[in-house]
Structures are given as structure tokens and as C-alpha cells.
Amino acid sequence: MIVRLNTRHEPGDTSSSRGYAVTMTKINTLLIFVFLFACFGQSANRGSHAETLTMLILGDSLTSGYGLDPQHAFPAQLEKKLQSLGRNVSVRNGGVAGDTSAGGRARLEWALSDKPDAVMVELGANDGLRGLEPSQLRENLAAIITVLKKRGIGVLLAGMLAPPNFGERYSREFNQVYPDLAKSHGVEFYPFFLDGVAAQQALNQKDGIHPNSSGVAIIVDRMLPYVLRFLDKLEKK
């Protein structure tokens, strides 16, 4: 950026010419600094307002935070942990207590009304507690994943294990649903949502089923590497 001024000097006036040259050099240098500062400021401003990625947790009472204050529920604790690591992620609570995989499938359209960028599917615990057919669990989860993928929404499937009271055959069929779906649909997979917390009295509420705040914190910590890898892949798309 060069500034030129039409200034007339008398012939032989060398001191005036030198003064003029020095002044113009200073002006040009100042203008360059101002220009560079403005560019840098705009770039920094764009970086500080990076677009927030929205992740919905489609789940049951383990997601909704049954028996807990909202800030202690899984979505809230996960969001806080991610943001502490500098991740610009908003985690929405899409949990309904008592929901089965069929219930999650039925309300999927409503749950997606806010158009999330990613969805963690945490469903199936109530299917297992009620002894519902694993084939129905498979069908419902597959339908949910199919809809999400067709819409270009990233999917993280959180696995569940069947309670032991329905026998070995039931447990084997139920437990296999999740890894099979993750493989066949090519989605991210966390093997067991309650890993490290299930059957641990100190980490659960009095019912022995729903995690307390400390239990949720452990779930978040154990799942975090999977979530971070999931988010990294989304950001690269």
C-alpha cells in the first residue's frame, strides 16, 4: 500500500526532498502495520467463533438422568468434560425414562427436529429388563441407524448387555446385536454403556440399576476416548 501526494518542491531544495521522503516512508510503514493488524484481528475473530457441533443422546433413563439433578445427568457431564478439553460441542439430552428401542424408533423424527450433527444411540436396557426379543431390538436399532446415516448424521452406538436372569441363549443373542450392527452399518461403537459401573453398589442409586453422579462420571471418563475419536472423524468430513 503506497500513498502518493502531489507536492511541489523548488529546484535544488534537497533538504525538503529528504524530509518528504522520510515522512512518506513513515506513513507507508504505519499503514502497512494497520493493514496487517486488521487482517490478523479478523482471522482471530473467525477462530474464536468456530461453529458449535451438536450431539444428541437418544436414550432411556440412563441418558435422561433418572434420580439425578440435570447437571449430573450423562449428557451434561459429557458436555462439561468435552468443553474442558476445548471441544466446542453441545450435548443434548434426548433420553426418556422407560424407553425401549421401539420407543426410541417411534420418536426419532421428533428427536431430530433440531437437526443435530451427531447422535449417540443409547437404547436397549429396557428391552433386556423386560425380556423383549433380541430380533426386535436388532430391527429397531437398525432402522434408527439407517435413518441417521441417510441424513448424513454421524452415529455412535452405545452397547448394552442383557441381564443374566433370562438364560444363556437370550444373553448371547441380545449381546451380539450391538457389535453386529456396528460392523454391518460401519458406525462407531462403544461396547457397554455401564462399563465399570454395573453392579457396583457405591456407583449406583438405591435401585441398583441407575448410576449416581459418581457413576455417571466414570461412564463419561471411560467413554471419552471413543467420543473424541468419533468427533475427530466427523470434523474431517
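Refer to the preceding data block for the structure.
Quantities reported herein were computed from a predicted structural model and do not represent experimental measurements.

**Looking at the sheet that holds strand β2 (residues 89-95)**
- One open sheet accounts for five strands, arranged β2-β1-β3-β4-β5; its pairing is parallel. If you trace the sheet from one side to the other, it starts and ends with β2 and β5 (188-190), each paired once. Neighbouring strand axes in the sheet, compared pairwise and without regard to direction, differ in orientation by 20° on average.
- The sheet contacts of helix α3 (residues 74-84) involve β1 (53-59), β2 and β3 (118-122), and relative to β2 the element is tilted by about 170°.
- Contacting β1, β2, β3, β4 (154-158) and β5, helix α9 (residues 213-236) crosses the sheet at an angle of about 175° to β5.

**A word on the packing of α3 against α9**
- Here α3 crosses α9 at 55°, and the two axes come no closer than 9 Å. What the angle tells us is that α3 and α9 run oblique. Seen along the crossing, α3 lies across α9 with a hand that is right-handed. Contacts between α3 and α9 involve F74, Q77, L78, K81 and L82 on the former and, on the latter, S213, V216, A217, I219, V220, D221, M223, L224, V227, L228 and L231.
- For the contact of α3 with α9, a count of residues per class yields twelve nonpolar, two polar and two charged.

**Description of the pattern of salt bridges**
- All chains considered together, the criterion is met by 13 salt bridges.
- Note that R105 is salt-bridged to E139, the shortest N-O span being 3.5 Å. Placement of the pair is R105 in helix α4 (residues 101-106) and E139 in helix α7 (residues 134-150), with a sequence separation of 34 residues.
- Owing to a relative accessible area of 43%, E139 belongs among the partly exposed residues under this scheme.
- A salt bridge links R151 to E109, with the shortest nitrogen-to-oxygen separation between them at 2.6 Å. Linking R151 in the loop between α7 and β4 with E109 in helix α5 (residues 108-111), this pair joins segments that are 42 residues apart in sequence.
- For R151, a relative accessible area of 44% corresponds to the partly exposed category.

What counts, and at which threshold
Residues numbered from 1 in each chain as written. Predicted model: local features only at pLDDT ≥ 70, side-chain atom pairs only at ≥ 80, totals over all residues. Heavy atoms only, no water. Pairing = 2+ DSSP bridges. Helix = DSSP H or I, 4+ residues; strand = E, 2+ residues; numbered from the N terminus. Axes fitted to C-alpha atoms, helices over the stretch in contact; angles between N-to-C directions. Contact = heavy atoms within 4.5 Å. Parallel < 35°, antiparallel > 145°, perpendicular 65-115°, else oblique. Left-handed = near helix turned anticlockwise from the far one by under 90°. Nonpolar A, V, L, I, M, F, W, Y, C, P; charged D, E, K, R; others polar. Salt bridge = Lys/Arg side-chain N within 4 Å of Asp/Glu carboxyl O. Buried < 20%, exposed > 50% of the residue type's maximum accessible area, 1.4 Å probe, protein only.

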